[in-house]
Amino acid sequence: MKKILGKIYIALVLMFLYIPIFVMIVFSFNTTKSRTVMSGFTFDWYIKLFNNELIMSSLRNTIIIAVIASVLATVLGTFAAVGISRMKKIPRMIITNITTIPMINPDIITGVSLMLLFVFFAARMNFEFGFVTLVIAHITFDVPYVIMNVLPKLNQMDPNLHEAALDLGCSPMMAFRKVVLPEIMPGVLSGFLMSVTFSLDDFVVSYFTSGATSQTLPITIYSMTRRKVSPEINALSTIIFIVVVIVLVVKNIITTRNLKLTSEGERND
Amino acid sequence: MNNIVSLRDITVEFDDEKILDSIDLDIKDKEFITLLGPSGCGKTTTLRIIGGFLTPNSGKVIFDGKEITNVPPYKRNVNTVFQRYALFPHLNVFDNIAFGLRVQKLPEKEIIRRVGEMLELVNLMGYEKRSVNKLSGGQQQRVAIARALVNRPRLLLLDEPLGALDLKLRKEMQIELKRIQKSMEITFVFVTHDQEEALTMSDTVVVMKGGHIQQIGSPIDIYNEPVNSFVADFIGESNIVSGAMIRDREVEILGRRFECVDGGFGANEHVDVVIRPEDIKVSAPSEAKLTGIVESTIFKGVHYEMIVDACDGKWKIQSTKAVEPGQEIGMRFDPEDLHIMKKMEEHRR
Amino acid sequence: MKGISSKAAAAPYLIWMAVFIVVPLIMVAYFAFTDESGAFTLDNLANVAQYSNIFIRSIWLAAISTVICLVIAYPLSYMLSGMKAHTQSTMLMIVMLPMWMNFLLRTYAWMAILGNNGLLNTLLGFFGLGPYKLLNTQGAVVLGMVYNYIPFMILPIYSVMVKIDKSVIEAARDLGCNSVNVLFRVILPLSFPGVASGITMVFVPAISTFIISRMLGGGGNLLVGDLIEMQFLGNSYNPNLGAAISFVLMVILLLIMTIMNQFGEDDTENDRVLM
């Protein structure tokens, strides 16, 4: 009885979570613009979507910005984590606390504060809001995730590994490349992936730091929702949903396989 | 024999605390030298100074006649076997051992040959492709040794390398390490807190405490002629009592006078007298100057260990004959079994 | 030990952090306390007071949403943590999946459902009910907040619950607790750090949103986020007032988080990394 109640409860929550998505998927194939009545099946909205130059160019922008920002954030953050992990307790605490500010602060404040900074410099150094300000803003909110992913890996690492590499003839830089980096790679990778995800998804910070010239996909979506009903959004949602499902399923398969491999390894021991 | 490493007046301070206080130490070429002491005595710090992982606040490190105090570890002809081995988890056995050679950019052929030699030396042939995470503690230990030795260092530093192994494996590895040291003909500097390990393996033992060297000597010297009560107590079990020298070759302990073999102290100088438990002979109470009541008797395999209450102090005695608790016995010792030493500044026991 | 160190590796980031995290926040404070000419003034902060009703509404709606999220998420997390390991990871993925979609799209979907001619009203119409005004109400705003931010509540509570040692629960049973007692005496106190970080992780974005209120609340339910946005990008351009509102919002959040940190100190960081 208790079990059945539990299952009903979970089903209700899942319904709540998935009904909106389901509705969008269904109506993305609707022949009319109606969001209540299905009048027929069509792929028109998808074709319109792919022919929509604004959406396609902002999608390109989003991907380019996400990749550039994530790569730079990962490099910056990984080195930062290495440096931070070697600091004494008090400076380390101060720096990690400041680092978490963009993670805890409301996005709108991160966005507004960066906008104030950019306005200040734009007036004095004669540049425009756009690609560069977006990349800087994205790096700023990405780096903390890289650092927070890499730091625990560094702390878990046997501190002697670095020394062992020096002992065997590596210069400090070489020791980092040959020994430390492979050890912290899982953290670096998950930091990078998180950065990509947050960059692709970000609307609020981008909204305040983008110029008229380079818009990201979320900003375009926002302006579309402000205007009239547009079933292209449904089509876009459907595609994004399918991509997300594929990515997550693949990721899940990989992690469970890895888990199986390691547990088998332990059994062999 | 020449000195391969000399430490001159080395001082290391950390947060205003002196970890090493003006240490002087000469390490001879091709010897097996052990730094022995309780945790916090500075033995690992000394090792890290030789390895180059730590720069002393003052003093000099001399290697083969040249000062290397500020030379970084990767430019020293010294290798280290770390406490928890510090094997590279992302590399297999072969690649771990080959690491140093690859850093030197040796030809692959040479690397294969030398790694092969090492695998043979440490008895790990056939393990090349294994992941180091799947090796047992003893095997990991062997990889760590091979990884260090393959670089042909003049000096191998070992930081409590047997600490993580169980007793039986430990004994095996002790013999193994000694064999490797002999066959490679290089200097081993070994750090341990286990006195038995130190005595069995070393040519020279350096006993350390509180950042100072207490005594340097062969295992036999250290055991038989400890310079103070700390060394005596740390090396093997001891009964340590306060006494006073009456004159050369006569000492007074617990109000009784005993003949001894030491001299050179001032008249009536207060001293510590060390008597090893195995040197005390049990006799009838009437035949001995010192008597006591047996408090407990424990069978230890080769002998019985008894705790005897004598003159308000507890004595430990090892004897092949058991005496029932509660009985009175006499305790006798030969003159050469009384080890007289200067009083330490702080009183122990 | 001083050894060989490369603290210098952090130097580029430290500069970055100073320029793009610390300086911008100082600029918010600077703008909040100055007028257009750059002279010191408290007028901006005084002007914030006239928007106190909007602040109260934001806090109120965010608080209701947070409570609803907690009420829904807590039992769900508890059930999830009790499942078999494999089902657990699959279920967690299913629960988290909607979060990976852009939240503008998710919110837009609700517009279609809640509209006057929307799906829900059409459905109710079949039963002869309505149409009700569902969209552009405070209820719709709360719904949007709950829908968007509930994963931030589930994840930290769940991750604390799976870490609870099963033997602790067995020990409680051994000592005479029934299921209810186990829940109240063991699981509830042990899951508190997760609840605390869940509350901050839902409350902070909820109180500062301007999308949800604009899309689901119509023009009549302005929140603090809308107010800030209007000062910077809207018609009433006034960065000094906008900075002052942001400043007050940060102070409010800082107070709330200080209180929350009393409960969840050791676990908040892990959870943040997990998401």
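Residues numbered from 1 in each chain as written. Chains lettered and ligands numbered in written order. Predicted model: local features only at pLDDT ≥ 70, side-chain atom pairs only at ≥ 80, totals over all residues.

Undergrad: Account for the overall build of chain C, with residues named and values stated.
TA: Of the regular secondary structure elements, chain C holds 14 helices and zero strands. Order of helices (α) and strands (β) in chain C, N terminus to C terminus: α-α-α-α-α-α-α-α-α-α-α-α-α-α. Its C-alpha atoms give chain C principal-axis dimensions of roughly 80 × 70 × 30 Å. Burial statistics for chain C: of 275 residues in total, 44% are counted as buried. Pairs at least 24 residues apart make up 71% of the contacts formed inside chain C by residues separated by at least 6 positions. (Helix = DSSP H or I, 4+ residues; strand = E, 2+ residues; numbered from the N terminus. Buried ≥ 20, exposed ≤ 12 C-beta atoms within 10 Å, placed from the backbone. Contact = placed C-beta atoms within 7 Å.)

Undergrad: Go over the interface of chain B and chain A with me, naming the residues and quoting the values.
TA: The interface is formed by 20 residues belonging to chain B together with 18 residues belonging to chain A. Mapped by element, the contributors of at least two residues to the side of chain B that touches chain A are strand 6 (78-81) and helix 2 (93-103) of chain B. No other element matches the three residues that helix 2 of chain B contributes to the side of chain B that touches chain A. Of the residues that constitute the side of chain B that touches chain A, the class distribution is ten nonpolar, seven polar and three charged. (Nonpolar A, V, L, I, M, F, W, Y, C, P; charged D, E, K, R; others polar.)

Undergrad: Explain the sheet that holds strand 11 (residues 239-247) of chain B residue by residue, including any values.
TA: All names here are of chain B. What the five strands build is an open sheet, ordered 13-12-11-14-20; its pairing is antiparallel. A single partner strand is all that each edge strand has here, and the edge strands are strand 13 (256-259) and strand 20 (339-342). The average angle at which neighbouring strand axes cross in this sheet is 45 degrees, direction not considered. (Pairing = 2+ DSSP bridges. Axes fitted to C-alpha atoms, helices over the stretch in contact; angles between N-to-C directions.)

Undergrad: Mind laying out the environment of Val-273 of chain B, listing which residues take part and the relevant values?
TA: Residue and element names in this part refer to chain B. When you line up the elements, Val-273 lands in strand 14 (residues 270-275). The exposure class assigned to Val-273 is buried, which follows from the 25 C-beta atoms found within 10 Å. The sequence separation of Val-273 and Ala-244 amounts to 29 residues, and the corresponding C-alpha distance is 8.9 Å. Sequence-distant contacts of Val-273, defined by excluding residues within four places in its chain, comprise Val-241, Gly-243, Val-251, Ile-253, Leu-338, His-339 and Ile-340.

Undergrad: Can you break down unusual backbone geometry residue by residue, with the values?
TA: Residue and element names in this part refer to chain B. Phi is positive for Tyr-85, which is not a glycine, with a value near 70 degrees. Within the fold, Tyr-85 resides in the loop between strand 6 and helix 2. Residue class for Tyr-85 comes out buried when judged on the 23 C-beta atoms lying within 10 Å of it. Even without glycine at this site, Glu-185 takes up a positive phi of about 55 degrees. The topology assignment puts Glu-185 in the loop between helix 5 (167-184) and strand 8 (187-192).

Undergrad: I'd like a description of the interface of chain C and chain A, backed by residues and values.
TA: How big an interface is tends to be stated in terms of accessible area lost as the parts join. Counting residues at the interface gives 63 residues for chain C and 60 residues for chain A. With 14 residues, helix 1 (residues 11-32) of chain C is the single largest residue contributor to the side of chain C that touches chain A. A class-by-class count of the residues in the side of chain C that touches chain A yields 49 nonpolar, eleven polar and three charged.

Undergrad: Break down the domain arrangement of chain B for me, with residues and values.
TA: Each assigned domain of chain B is listed with its residue range as follows: domain 1 (3-224), domain 2 (237-274 + 334-349) and domain 3 (281-332). The C-alpha centroid of domain 3 of chain B is placed 43 Å from the C-alpha centroid of domain 1 of chain B. (Domains from an automatic or database assignment.)

Undergrad: So what's going on with the confidence of the model for chain C? Residues and values would help.
TA: All names here are of chain C. Of the residues in chain C, 93% have a pLDDT of 70 or more, and the chain-wide mean is 86. For chain C, per-element mean pLDDT is lowest for helix 14 (residues 268-274), which scores 40, and highest for helix 1, which scores 95. Under a pLDDT of 50 for its full length, residues 266-275 has, in the predicted model, 18 contacts with residues more than four places off or in other chains. For this predicted complex, the interface confidence reaches an ipTM of 0.89, while the overall pTM sits at 0.81. (pLDDT = per-residue confidence, 0-100.)

Undergrad: I'd like a rundown of the packing of helix 2 of chain B against helix 4 (residues 137-149) of chain B, residues and numbers included.
TA: Residues and elements named next belong to chain B. Following both chains from N to C, one finds helix 2 and helix 4 inclined at 30 degrees, their axes separated by 7 Å at the closest point. Relative to helix 4, helix 2 is oriented roughly parallel. The element helix 2 and its partner helix 4 pack so that their crossing is right-handed. Contact with helix 2, carried on its side by Val-93, Asn-96, Ile-97, Phe-99 and Gly-100, involves Val-143, Ala-146 and Arg-147 of helix 4 and no other residues of that element. Considering only residue class, the contact of helix 2 with helix 4 consists of five nonpolar, two polar and one charged. (Parallel < 35°, antiparallel > 145°, perpendicular 65-115°, else oblique. Left-handed = near helix turned anticlockwise from the far one by under 90°.)

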